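# Per-entry structural report
For reference, the chains in residue letters:
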Amino acid sequence: MGIHKSTDGGRIRHGKPWWKRWSRDDTELFVLSLPTLLWFLIFTYLPMFGIIIAFKNYRLQPGGHGFIYNLLHSEWAGFGNFKYFFTSNSFTMLLRNTILYNIAFIIISASVAVGGALMLSSMRNKRGSKVYQTMMFLPYFMSWVVVSYFVYALLTPERGYINGIITALGGERIMWYQENKYWPFIIVFLNTWKGMGYGMVIYLASITGIDPSLYEAAVMDGATKAQQARHITLPAIKPVFVMMLILDCGKIFNSDFGLFFQVTGQLPASLYTTASTFDTYIYMAIQSTAPIGQTAAASFFQAICSCGTILLANWVVSKIDNENRII
Amino acid sequence: MAKQDKSGQSLNQIKTSTNIVFNIVFLILAVMCVIPLLFVFSISITDEEAIRQNGYQLIPQALSGAAYEFLWNERLTILRAAFMSVLVTVVGTVISIALNTSMGYVVSRRNFKLKKLYTWLIFIPMVFNGGMLASYVVVSNILGLNNSIWALILPLACSAFSVTICRTFFRTTVPDSIIESAKIDGAGQFRIWSQIVLPISKPVMATIGMFAAFGYWNDWFQASLYIQDTKLQTLQSLLNQMQKNIEYIANNPYGGLSMQEYKLSMPTESVRMAIAIVIIVPIACTYPFFQKYFISGLTIGSVKE
């Protein structure tokens, strides 16, 4: 009884500041949220302070202190670490690879997903459509390590299925893991292949939510299938499309690490310039003895760019069509 | 639903020929998605000698259970890895459900005074994060979780995305009146969350739980960063480790290894494919049943307020 009264009281006396209206309910909710709150602070906010590492020449200090002590007592590097990263041979290559792959991914995945969803929704045999969806969803649940085994089975030069077919047809074996000209296509293909079921299902869900009477009215007015798709279906899935687009734009400086690292076979030197992205670069730097400050600079650059692009994409969308912005 | 299908079909049908073309297209796509699994399976049951002579064949020329026999003989390693995978998946999923639903419930309460602050707190990490290196430093240097099972569990335990799914679900499907009447009966928020809200929120728990479970089962990345101790290897990291060793040996022929050691350390191809099958089968058998929860989760997640 008492609890109820206090929340009600809070609502009536609205002029007071929030801490005066704080009720036992709020305390309980705060306690309930505490574990997750701590998780967010430790695993998402604490790393944001990692920015500092990028501005330091991290050195182990004498005396066997912890990481934070060493960090705070290391000298400042200014923008030195960033300068090193921007002027390194890899920088332009990484920037080009990461962005171009992502642009290809966005365009191709979105077209396949929207096109596939339109086709699935208009199929007559609903049961068949369900079976296809389930089968196409399978790759989404495979890890890249497992996918790299699939790819290995297909591409390994001496025994792989594809070279088997090529030699059976009288062709020359291709050393897949050493020829970088094929990999942009392989990578784009695999990305599409893995995400296809997921993308179609999302769009299909918003298509099935459309009021069927709209289509009935359109048919009465003599609209063709293509006109219906253009004037009813596509506008209806636009909000989802725009949201996915903004989120994808936010990821334009990121890459699916497993795709670039595992599937290429731990990124051999022969494929380095074709399949390196910021993520593989940072991962390899973490595993190597590269100074941590330089790695942090690369990592921080990537994070800032991601944040910038997602805000930019959202801003552009808000200018064109304020309804569909996500922030 | 049935009505929609019916009226859609009678009025608005695609031509039979188009329907056939669509079916063929999707049949090809669907087979493309499933067939690599058959490749891998067929390699795993092919005789090693036959592989050496003919390369991989979709239909094995000589069958052999040697790979699975090998796994059985190495069952200590395999079972330990499988046990670790299951342990990480189960513990991780439980923690993940608890963290995500509790926060989701709290931010779904309209009267909560810190609601606005929390909404921002959850939103900001969606847009900005400290990057891979900073997360690595936090987990390994600050929390000191190297070679600990928690390094596999905690970093993946929660996400802004899942919290948002929970919040939307609670707000749209749990009636305020139930919560109000529980309060009148003297229940605290913890009891309301655990004994009233969660029992009627099984769909969202299934969604969050499935995302988490597949995420944990499939994770090899955290393991490759934080786990060096072979006792803590999961199936995925075992597979990853083998791949790494093979690349290493391929790049450094006889790098400090005698031919004998080399042979011993290299599991045969069929064995590696067999391990991949051990990982895939549980997923391939379960995901069709949980697919609907994924879809509902994805669609709830893409609804904005």
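We now turn to the structure provided with this report. (Residues numbered from 1 in each chain as written. Chains lettered and ligands numbered in written order. Predicted model: local features only at pLDDT ≥ 70, side-chain atom pairs only at ≥ 80, totals over all residues. Heavy atoms only, no water.)

### Examining the overall build of chain A
- A count of helices and strands for chain A gives 17 helices and 2 strands.
- Taken against the 2.2 N^0.38 rule, which gives 20 Å for 327 residues, the C-alpha radius of gyration of chain A at 26 Å runs more than 25% over that of a compact globule.
- Over its C-alpha atoms, taken along the principal directions, chain A stretches across nearly 75 × 70 × 40 Å.
- Relative to its full complement of 327 residues, chain A shows a buried share of 51%.
- For chain A, the separation between the mean place of its 25 positive charges and that of its 16 negative charges on side chains is 4 Å. (Helix = DSSP H or I, 4+ residues; strand = E, 2+ residues; numbered from the N terminus. Rg over C-alpha atoms; globule rule 2.2 N^0.38 Å. Buried < 20%, exposed > 50% of the residue type's maximum accessible area, 1.4 Å probe, protein only. Lys, Arg positive; Asp, Glu negative; His and termini not counted. Charge placed at Lys NZ, Arg CZ, Asp CG, Glu CD.)

### Overview of the overall build of chain B
- Scanning chain B from terminus to terminus reveals 16 helices and 0 strands.
- The buried share among the 305 residues of chain B stands at 50%.
- For chain B, contacts bridging at least 24 residues in sequence account for 76% of all contacts bridging at least 6.
- In the form shown here, chain B has an accessible surface area of approximately 14400 Å², with 65% of it arising from carbon and sulfur atoms. (Contact = heavy atoms within 4.5 Å. Areas by Shrake-Rupley, 256 points an atom, 1.4 Å probe, with all protein chains shown as cover.)

### A few points about a nonpolar patch on the surface
- A surface patch of nonpolar side chains, about 530 Å² in accessible area, is lined by Leu46(A), Phe49(A), Ile68(A), Leu72(A), Ile142(B) and Leu143(B).
- With respect to the helices and strands, the residue Ile68(A) is situated in helix 5 (residues 67–73). (Patch = residues over 30% accessible without salt bridge, like charges linked within 9 Å, V, L, I, M, F, W, Y side chains within 5 Å. Salt bridge = Lys/Arg side-chain N within 4 Å of Asp/Glu carboxyl O.)

### Regarding the environment of Gln287(A)
- Relative to the assigned elements, Gln287(A) resides in helix 16 (residues 278–287).
- Look past the residues within four positions of Gln287(A) in its chain and what remains in contact with it is Ser224(B) and Leu225(B).
- There is a polar contact of 2.8 Å between the side chain of Gln287(A) and the side chain of Tyr283(A). (Polar contact = N/O pair within 3.5 Å; in protein donor to acceptor, adjacent residues only side chain to side chain.)

### What about unusual backbone geometry?
- The backbone phi angle of Leu267(A) is positive, close to 50°, even though this residue is not glycine.
- Mapped onto the elements of the fold, Leu267(A) is located in the loop between helix 14 (257–261) and helix 15 (272–275).
- One non-glycine residue, Asn147(B), lies in the positive phi region at around 55°.
- Mapping Asn147(B) onto the fold places it in the loop between helix 7 (132–142) and helix 8 (149–153).
- On the basis of relative accessibility, which here comes to 33%, the residue Asn147(B) falls in the partly exposed class.

### A word on the pattern of salt bridges
- For the coordinates displayed, the defined rule picks out 8 salt bridges over all chains.
- Linking Lys181(A) and Glu179(A) is a salt bridge whose minimum nitrogen-to-oxygen distance equals 4.0 Å.
- We classify Lys181(A) as exposed; its relative accessible area is 51%.
- Residue classification places Glu179(A) among the partly exposed residues on the basis of a relative accessible area of 29%.
- The closest approach of N and O atoms between Asp176(B) and Arg109(B), which form a salt bridge, is 3.5 Å. Of the two residues, Asp176(B) is situated in helix 10 (residues 176–184) and Arg109(B) in the loop between helix 5 (75–108) and helix 6 (115–127); the sequence distance between them amounts to 67 residues.
- By relative accessible area, which is 38% here, Asp176(B) ends up partly exposed.

### Description of the interface of chain A and chain B
- The interface of chain A with chain B comprises 104 residues on the first partner and 114 residues on the second.
- With both chains or domains summed, chain A and chain B bury close to 10100 Å², and 72% of this area falls on carbon and sulfur atoms.
- Summed over the shared surface of chain A and chain B, the number is 2 salt bridges.
- With a shortest N-O distance of 2.9 Å, Lys183(B) and Asp25(A) are connected by a salt bridge.
- On the surface where chain A and chain B come into contact, there are 25 residue pairs in polar contact (both at pLDDT 80 or more).
- In terms of residue count, the dominant contributor to the side of chain A that touches chain B is helix 3 (residues 24–45) of chain A (16 residues). (Buried area = accessible area lost by both parts, 1.4 Å probe.)

### A short note on empty space enclosed by the protein
Residue and element names in this part refer to chain B.
- Under the counting rule described, the total for this entry stands at 2 cavities of 30 Å³ or more.
- The volume enclosed by the largest cavity comes to roughly 60 Å³.
- As for the largest cavity, its lining consists of Ser 85, Val 88, Thr 89, Leu 152, Tyr 216, Trp 217, Asp 219, Ala 223 and Thr 234.
- Only helix 5 and helix 12 (202–218) provide two or more residues apiece to the lining of the largest cavity.
- When residues of the lining of the largest cavity are assigned to their parent elements, the largest contribution, 3 residues, is made by helix 5. (1 Å grid on protein atoms, 1.4 Å probe; cavity = no way out; pocket = protein on both sides within 12 Å on 5 of 7 lines; lining within 4 Å. Points joined across faces, edges and corners; volume = space filled by probe spheres on them.)

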